[in-house]
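Structural characterization, general
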Protein chains: 4
Amino acid sequence: MAKEIKKIALLTGGGDCSGLNAVIQAAVKTAILQYGYEVYGYKFGYRGLYNNDLMPLTLESVSGILGRGGTILYSSNKDNLFDYQVEENGKMVKKDVSNVGVENLKKEGIDALVVIGGDGTLTSARDFSRKGVNVIGVPKTIDNDLACTDVTFGFNTAIDVATEALDRLHTTAESHHRVMILEVMGRNAGWIALESGIAGSADVILIPEIPYDINKVVEKIRAREERGKLFTIIVVAEGAKPKDGEVVVQKIVEDSPDPIRLGGIGNKLAADLEKLVKNHEIRNTVLGHIQRGGTTGTYDRILSTRYGVKAVELVAEGMFGNMVALKGDTIGYDSLENVIGKLKTVKPDDELVNIARSIGISFGD
Amino acid sequence: MAKEIKKIALLTGGGDCSGLNAVIQAAVKTAILQYGYEVYGYKFGYRGLYNNDLMPLTLESVSGILGRGGTILYSSNKDNLFDYQVEENGKMVKKDVSNVGVENLKKEGIDALVVIGGDGTLTSARDFSRKGVNVIGVPKTIDNDLACTDVTFGFNTAIDVATEALDRLHTTAESHHRVMILEVMGRNAGWIALESGIAGSADVILIPEIPYDINKVVEKIRAREERGKLFTIIVVAEGAKPKDGEVVVQKIVEDSPDPIRLGGIGNKLAADLEKLVKNHEIRNTVLGHIQRGGTTGTYDRILSTRYGVKAVELVAEGMFGNMVALKGDTIGYDSLENVIGKLKTVKPDDELVNIARSIGISFGD
Amino acid sequence: MAKEIKKIALLTGGGDCSGLNAVIQAAVKTAILQYGYEVYGYKFGYRGLYNNDLMPLTLESVSGILGRGGTILYSSNKDNLFDYQVEENGKMVKKDVSNVGVENLKKEGIDALVVIGGDGTLTSARDFSRKGVNVIGVPKTIDNDLACTDVTFGFNTAIDVATEALDRLHTTAESHHRVMILEVMGRNAGWIALESGIAGSADVILIPEIPYDINKVVEKIRAREERGKLFTIIVVAEGAKPKDGEVVVQKIVEDSPDPIRLGGIGNKLAADLEKLVKNHEIRNTVLGHIQRGGTTGTYDRILSTRYGVKAVELVAEGMFGNMVALKGDTIGYDSLENVIGKLKTVKPDDELVNIARSIGISFGD
Amino acid sequence: MAKEIKKIALLTGGGDCSGLNAVIQAAVKTAILQYGYEVYGYKFGYRGLYNNDLMPLTLESVSGILGRGGTILYSSNKDNLFDYQVEENGKMVKKDVSNVGVENLKKEGIDALVVIGGDGTLTSARDFSRKGVNVIGVPKTIDNDLACTDVTFGFNTAIDVATEALDRLHTTAESHHRVMILEVMGRNAGWIALESGIAGSADVILIPEIPYDINKVVEKIRAREERGKLFTIIVVAEGAKPKDGEVVVQKIVEDSPDPIRLGGIGNKLAADLEKLVKNHEIRNTVLGHIQRGGTTGTYDRILSTRYGVKAVELVAEGMFGNMVALKGDTIGYDSLENVIGKLKTVKPDDELVNIARSIGISFGD
């Protein structure tokens, strides 16, 4: 029963994403000011739930964090309590320790849990919901590839950063008659490349959803030359793929769980073009983690605030097992059962793809 | 018949707004690359149509303008050919000279006219449409108060600028225990104040749609003091109104058509608070025209591009008399007949108003 | 003797200025890490010294503040302990209470005081030094008008903000053929107007040091028109003066200690030009307090860090009674006795003035 | 004789650098407005001088370019007319074609040449000067490693970009308890790493001038852990070197004149730390070309303007064979003979190095 809610907890899981603190602030303010809840945060995502590592969240503790990157609750990757690495008899084994989490919630009297995270984090949220925990999810991914919501927070800040990088590369490309490549995030979905490519006046956008032919890229470079444009800007999602075959990513520390990546698609593309386009210098920049942190953009501050408020309203209404979601112009929600495991990728005939083609941008196909 | 379109023209009217050049670029690229049209621009809005002051628009002439503020076609305020100031017998009189515009279009063989502007400019667009001219409208207002479209371009850049200003005022307010007021644009609608207020962590948002009581503002300042917050940030739309009575704006040059405004709501508010809140210094900043120009934000670059492409698609489809419009997630259109004269103001129970109230923001009511 | 220093205190006085927190962070880190001092901060400048309102400053308390505007020590204007407003026999009187400050320092065992402030704050610093207090000054003014140091921190961030505003006004001016005025800070010295005017491509720069003739400004507007430039950008320091007569600033709340200013030089200029230049619209923007706060620019972060480190080094060397100062490329120091009451204004033949004239900028003279 | 100057030409050589257009604008305006010169630009640096590829530079052609990245004159790397690649008898050979340049100058009646470039470009400038050409140099390098001038333009914009990247990485590092590495430009000199490291609150700065010991870097990470700081920010110049041995940079296209670099110092460092610091995730970002282009910062706009004006003044005074230079607070000049081949590197006891050490930054030594 929603009436009985007195104490709620928040946790943030997965990679960094601009807007996490804005969600936290809005949820805490709403919970305290509108509903009089006591609010806590588990530190380091589910790891904190397992360790019962709890901090009180007050109006004071969320003061001034709206625009700040990161998360005051800290986060960790890959901490799935349903398949958690623990020591047993001197050996590390993986086992389901989710009951520890459930017990900790009970012990602390936490009536509801607001989970802010991406597909992995929300899968656990769903699984806790199935175990009877009162869970509300908040979708987080800078890639914007979560199903059931039009936009995820952090995405617009990422395209702001990528667009500014493209603006900077533009002047150099033009002055020095170069082909400049910018590799942006997006393993499975090309949204960042697509939107920053349009906003940053890219000539070629390569995304995972539309495998590219390197010869078509060269054709575009040549077509521009014929029009007197002696430079070309290419934005490529990290998950973009050539039509023929794989991108072999070299790694420095092979045995590491998260090896240093040498190369990747941007470098492959640069190497391939270096062979095919002798009359231009080619340069590749991998934007990397600066897409994830720092001051949160205006759009994401507002979207995150809407998500945070709505999450607590769903708690108050007892609408557990749901994730807040942006649908067109309004904030609604969807069942966590519907969301998980579905990827929102760029359709080849998406409006934005057509827009891009209309203004002459090539997808290398 | 849409098939017969060969030559089109663009014009921009009304006040400055980030994204105008992005619309122009997208429209010109689409017209040339997708449809093979010849494209022209009338300079200075309708005045150019009257004077037949035309410039060719080519891929070259729109190169590099996507992110730049202003309009390469120039603009002018208040040039309504249906009520135009002309000299007659040595005297300035106002008369309907719209036929001159119609004739100029015929003379130059312009098959369709894309008009980018706000309520005034689009009213004339509708009137030319009624006279049989093939017109497509593109909505422009930084105030976001045009009916029939969810968002107008330029609005998000304006809230970016206002939010950054609020961020800057914040640190000073906090260090010096001040009440800081920021007056932003919005004569009839409070959207800029509302969204920048949420994004910029304002404590009080005053908008035309919700008349304020100065005592409620003082109450909010006092309530914050009690919580140990010895500063307050107020964002006020230029059209905000106290519940009791008018804001008398003093003017320096009374006989001027557009007199220098001295005062305005921000100054009135500061003066009133100065009397009521003796223990804080009060400061007012009027953001003014820096909301209108400069580098266009990412969101507006994409939205403007979508509008520009769609406008030319509507030309190609012969869908004249319509205005392109954002509906939820997609770009559609609406009849110019529906759009004109309706203002999209903030409803007192708008989702964003409720969001703001949930996190403790006061509207002074 | 420098050796005996064990405990030091910091205070910040006067108006807000980007870089205050960077000075505090550098001083605290250096004091703790290099010298093992205990460090305290007086809150609200000298008022805190009077009230013995002290907070400990640790590595933790200065963590993350380098780029943040404002001051974690808070500040207050006009709190001069040598002429301080106190209640006596039920009446407010002004008297010298500096001995209370001296006693408080002794009572707390503070061996040295680092005072960060402008001319007023540093005057008191000198006076405490004369009374035997171990004082080191750090120069602060966004106006850059303090003597004996080449640059003060906060100044470069202010010109960044002013330059970005000019960039934004530029596109509107150009598109709409306007005369755009930007009023920036600088009551006695025109440095902000001068440097932002050069960086922001102003056509006219008006500063207190070079009284202007409104007819010369009009001449410049006309000369630009003749070259086909139908817009003009004017940046004016708040202290700029016409050759003939005063600027009467209207005030709303006359009896207030710090009345709301209506008008000021930007408005006067706009009103005057409105009468003289009928063929352009004139617009004035008063940049105000957004010049003072917010994220600190790169240059100021480094300069402030250098000042903060040097201040503590001077403490350690027992070089009391001095102010840190930038001399060409290096950080040195100068006696507080030399600094006070001298204003570093723009000389009419300053290199930057000549640079500006060389590229065609008018000073209205 | 200086009096006889009537026609001058400009050229820009070497890699991109923010501020090139500002130098060009200031030089052109000064030349035309103050001296009545005719001004031309050679396109693509010395290649344009060889091909006599000339464009007129007027007030109109330099309008609006002050803050724009790149160079309207275009540039090329490695075009040394004293050792130029030409076709002879069907084979590509290198030969001295500088006389062609000298002849072209005569043929066009160019009385003086303003050469804007780095060490390579200025070496040719000196050599042309030795051949009797009236040359003035303007120093350009984002690395700030040119001798005889305190600061080169483009450097401060590069540290702005690097500092903003560090700000963004900071929030992620803190939230996720990571070691974040940022590789910035600086092959021979560590100025960008040093200044952005201070401004961006780096914990470790690695530069070519101070070879590092990886164990000292690990010690710093551990020392921070002990203070409860579970993250570390490292900024590394591309030319930084470990004490023991070389950094082997893998290349994808070995036979290319400018091969794609895989790896480099940032990646090596990440791989090494991955082995030594098991309890943190390590991430590396290579900032690359976004340091070179885009909107020019305020400081560089002013510095470039000063250089451009001074270069033309030196032309007017007949002071050929010199390079303009910033000395402390003023713009002076130095003989090209003195400048060439000398590198201004970071001295291990440079004031800024000491500043950084004072606030606890490690250089890994």
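Each chain carries its own residue numbering, running from 1 in the direction its sequence is written. To read the labels, note that chains go from A and ligands from 1, taken in the order they are written. Given that the model is predicted, a residue must reach a pLDDT of at least 70 before its local features are reported, and side-chain atom pairs must reach 80 or more before they are shown or counted; all residues, however, enter totals for whole chains, interfaces and linings. By convention in this description, side-chain values take in all heavy atoms of the structure and omit both hydrogens and water.

What follows covers the environment of Ser-18 of chain D. Residues and elements named next belong to chain D. The secondary structure listing takes helices from DSSP runs of H or I that are at least 4 residues long and strands from runs of E that are at least 2 residues long, numbered from the N terminus. As for its placement among the helices and strands, Ser-18 is situated in the loop between β1 (7-12) and α1 (20-35). The spacing of Ser-18 and Ser-304 is 286 residues in sequence and 9.2 Å in space, taken between C-alpha atoms. The criterion used for residue contact is that any of the two residues' heavy atoms lie within 4.5 Å. Not counting the four nearest positions on each side in its chain, Ser-18 is found in contact with Phe-153, Gly-154, Thr-157, Arg-292, Gly-293, Gly-294, Thr-295, Thr-296 and Asp-300.

All right, on to the sheet that holds strand β2 (residues 38-42) of chain B then. Residues and elements named next belong to chain B. When DSSP locates at least two bridges between a pair of strands, those strands are taken to pair. Taken together, the seven strands give an open sheet; going across it, the order is β3-β2-β1-β6-β7-β14-β15, and neighbouring strands pair in mixed fashion. At either end of the open sheet lies a strand with only one pairing partner, and these are β3 (54-56) and β15 (330-335). Across the sheet, the axes of successive neighbouring strands diverge by a mean angle of 30°, strand direction being ignored. Bridge count between strand β7 (residues 135-139) and strand β14 (residues 322-327): two bridges; the pairing is parallel. Note on β14: the bridge partner recorded for Gly-137 is Met-323. Working convention: axes come from line fits to C-alpha atoms, limited for helices to the stretch in contact. Angles between N-to-C directions cover 0 to 180 degrees.

Look at the two chain copies: a rotation about an axis and a shift along it is all it takes to match them. The copies were overlaid with a least-squares fit restricted to C-alpha atoms from residues scoring a pLDDT of at least 70 in each copy. The two copies are related by a screw operation: chain B maps onto chain C through 180° of rotation and 0.0 Å of translation along the axis, at an RMSD of 0.0 Å. Viewed as a symmetry operation, the transformation between the two copies matches a two-fold axis. Mapped onto chain C, 100% of the interface residues of chain B again fall at the interface, so both copies present the same surface.

Right, let's get into the interface of chain B and chain C. On the chain C side, the residues contacting the 49 residues of chain B number 49 residues. Summed over both partners, buried area is the accessible surface (1.4 Å probe) that two parts give up on being assembled. Taking both sides of the interface into account, the surface hidden between chain B and chain C amounts to around 4100 Å²; carbon and sulfur atoms contribute 57%. Three residues, Arg-168, His-289 and Ile-290 of chain B, lead the burial of chain B against chain C; their summed loss comes to 17% of the area buried on that side. The salt bridge definition used is simple: a Lys or Arg side-chain nitrogen within 4 Å of an Asp or Glu carboxyl oxygen. For the pair chain B and chain C, the interface holds zero salt bridges. Whenever two N or O atoms come within 3.5 Å, that pair is a polar contact, provided that in protein one can donate a hydrogen and the other can accept it, and provided that, for residues adjacent in sequence, both atoms are side-chain atoms. The interface formed by chain B and chain C contains 20 residue pairs in polar contact (both at pLDDT 80 or more). Of the residues forming the side of chain B that touches chain C, the biggest block, 12 residues, is contributed by helix α5 (residues 155-176) of chain B. By the convention adopted, Pro, Cys, Tyr, Trp, Phe, Met, Ile, Leu, Val and Ala count as nonpolar, Lys, Arg, Asp and Glu as charged, and the other residues, Gly among them, as polar. Its residues placed into classes, the side of chain B that touches chain C shows 15 nonpolar, 22 polar and 12 charged.

Strand pairing in a sheet relies on backbone hydrogen bonds. The paired strands run either parallel or antiparallel. Residues and elements named next belong to chain D. Pairing is parallel across the open sheet formed by four strands, whose spatial order is β9-β10-β8-β13. Strand pairing shows two members of the sheet lacking a second neighbour, β9 (204-206) and β13 (281-286), which therefore form its edges. In this sheet, neighbouring strand axes are inclined to one another by 15° on average, regardless of whether the strands run parallel or antiparallel. Direction of pairing for strand β8 (residues 178-184) relative to β13: parallel, over a ladder of six bridges. Looking at β13, one finds that Ile-181 is bridged to Asn-284.

Here the focus is the packing of helix α11 (residues 351-358) of chain C against helix α9 (residues 298-316) of chain D. At a closest axis distance of 10 Å, the pairing of α11 of chain C and α9 of chain D adopts a crossing angle of 75°. Taken together, the axes of α11 of chain C and α9 of chain D are roughly perpendicular relative to one another. Residues Glu-351, Leu-352, Ile-355 and Ser-358 of chain C of α11 of chain C lie in contact with α9 of chain D, whose contacting residues are Ile-302, Thr-305, Arg-306, Val-309 and Glu-313 of chain D. Its residues assigned to classes, the contact of α11 of chain C with α9 of chain D comprises four nonpolar, two polar and three charged. By the definition adopted for this analysis, an angle is roughly parallel if under 35 degrees, roughly antiparallel if over 145, roughly perpendicular if from 65 to 115, and oblique otherwise.

Residue and element names in this part refer to chain C. Burial within strand β10 (residues 232-237) is extensive, with six of its six residues counted as buried. The alternating pattern of β10 places Thr-232, Ile-234 and Val-236 on one face and Ile-233, Val-235 and Ala-237 on the opposite face, and all of these are buried. Inspection of the sheet shows strand β8 (residues 178-184) paired to β10 by six bridges, in the parallel sense. Paired with Val-179 across the strands is Thr-232, a residue of β10. The pairing of strand β9 (residues 204-206) with β10 spans three bridges and is classified as parallel. Looking across to β10, one finds that Leu-206 is bridged to Val-236. Crossover handedness is defined by viewing with both strands directed away from the observer: a clockwise path from the first strand over the helix to the second marks the crossover as right-handed. A crossover connection joins β9 to the parallel β10 through helix α7 (residues 214-226); in handedness this β-α-β unit is right-handed. Note on classification: 1.4 Å probe, protein chains only; a residue is buried when its accessible area is under 20% of the maximum for its type, exposed when over 50%, partly exposed between these limits.

A few words now on the domain arrangement of chain A. All names here are of chain A. What fixes the domain bounds is an automatic or database domain assignment. Domain annotation of chain A identifies domain 1 (7-153 + 296-328) and domain 2 (158-292 + 347-358). The gap between the C-alpha centroids of domain 1 and domain 2 is 34 Å. Opposite the nine residues of domain 1 that make contact, domain 2 presents 11 residues. Summed over both sides, the interface of domain 1 with domain 2 buries roughly 800 Å², with 46% coming from carbon and sulfur. Interface area lost by domain 1 to domain 2 is led by Asp-16, Ile-142 and Asp-143, which between them contribute 58%. Linking domain 1 with domain 2 are zero salt bridges. In this structure, the connection of domain 1 to domain 2 is made through two residue pairs in polar contact (both at pLDDT 80 or more).

Residue and element names in this part refer to chain A. Summarising burial for strand β8 (residues 179-184): six of the six residues are buried, a large majority. Residues Val-179, Ile-181 and Glu-183 of β8 are buried on one face, and the alternating residues Met-180, Leu-182 and Val-184, pointing to the opposite face, are buried as well. Examined bridge by bridge, β8 and strand β10 (residues 232-237) share six bridges and lie parallel to one another. Directly across from Val-184, in β10, lies its bridge partner Ala-237. Of the strand pairs in this sheet, β8 and strand β13 (residues 282-286) are connected by five bridges, and their pairing is parallel. Within the sheet, the bridge partner assigned to Val-179 lies in β13 and is Ile-282.

Attention shifts here to unusual backbone geometry. The phi angle at Asn-144 of chain A is positive, at roughly 60°, despite the residue not being glycine. The buried category is assigned to Asn-144 of chain A, whose relative accessible area is 4%. Phi at His-177 of chain B is positive, roughly 55°, even though this residue is not glycine. When its relative accessible area of 15% is taken as the criterion, His-177 of chain B is described as buried.

A separate point is the side chain of Lys-310 of chain B. Residue and element names in this part refer to chain B. For Lys-310, the position within the fold is in helix α9 (residues 298-316). For the purpose of counting charges, residues Lys and Arg are taken to be positive, whereas Asp and Glu are taken to be negative. His and the chain ends are not included. Within the buried core, Lys-310 has no salt-bridge partner, and the shortest N-O distance to an opposite charge, that of Glu-313, equals 4.3 Å. If near-sequence neighbours (up to four positions away) are discounted, Lys-310 is found in contact with Val-324, Ile-331, Gly-332 and Tyr-333.

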